[in-house]
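Listed below, chain by chain, are the residues.
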Amino acid sequence: EGDGEVGVATKTRARPKKPSQFKVLMLNDDYTPMEFVVMVLKRFFHMDMEQATRVMLHVHQRGVGVCGIFPYEIAETKVNQVMDFARQNQHPLQCTLEKA
Ligand code: TYC
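None of these values were measured; they are calculated from a predicted model. (Residues numbered from 1 in each chain as written. Predicted model: local features only at pLDDT ≥ 70, side-chain atom pairs only at ≥ 80, totals over all residues. Heavy atoms only, no water.)

J.: Before we move on, can you summarise the pairing of strand E1 (residues 21-27) with the specific residues and values?
T.: Sheet topology note: the E1/strand E2 (residues 64-71) ladder contains 7 bridges and is antiparallel. Residue lysine 23 lies in a different strand from E2, and its bridge partner there is isoleucine 69. Across 6 bridges, the pairing between E1 and strand E3 (residues 94-99) is antiparallel. Bridge pairing links valine 24 to leucine 97 in E3. (Pairing = 2+ DSSP bridges. Helix = DSSP H or I, 4+ residues; strand = E, 2+ residues; numbered from the N terminus.)

See the structure below:
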């Protein structure tokens with residue numbers, strides 16, 4: 001900058017970013033029993049019977065639904081727990097992440 005070059009002003013402060021949030025999505029399929037999906041929602045997302053039933057029916061009718069919104073590591077852990085539990089019980093239930 002000694003020869004007259006001018007610096008471009010940029011942001012002054014380093015702002016710490018909020019940890020990004022991720023939706024955990026449940027996908028519909030034709031084979032997983034409704035009661036199993038309700039059990040999953042109760043067990044891993046701490047829903048009561050009424051809420052779990054509502055979310056399960058939403059997914060059944062619309063194809064996809066939100067189980068919850070969490071920081072990345074927690075969302076990832078929930079997806080793995082659901083997928084492992086479905087596999088252990090030989091159900092094709094699918095669960096995935098999406099940036100909120
Ligand atoms: N469609 C399934 C059935 O009729 C029930 C179901 C609901 C499966 C939600 C998956 O995420 C799901 N047995």
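J.: Could you give me a rundown of the packing of helix H1 (residues 34-45) against helix H2 (residues 49-62), with the residues and numbers involved?
T.: The N-to-C vectors of H1 and H2 enclose an angle of 125°; their axes lie 9 Å apart at closest approach. Between H1 and H2, the angle falls in the class oblique. Along this stretch, H1 crosses H2, giving a crossing that reads as right-handed. For the pair H1 and H2, contact is made by Met34, Val37, Val38, Leu41 and Lys42 and by Met49, Ala52, Thr53, Val55, Met56, Leu57 and His60, respectively. (Axes fitted to C-alpha atoms, helices over the stretch in contact; angles between N-to-C directions. Parallel < 35°, antiparallel > 145°, perpendicular 65-115°, else oblique. Left-handed = near helix turned anticlockwise from the far one by under 90°. Contact = heavy atoms within 4.5 Å.)

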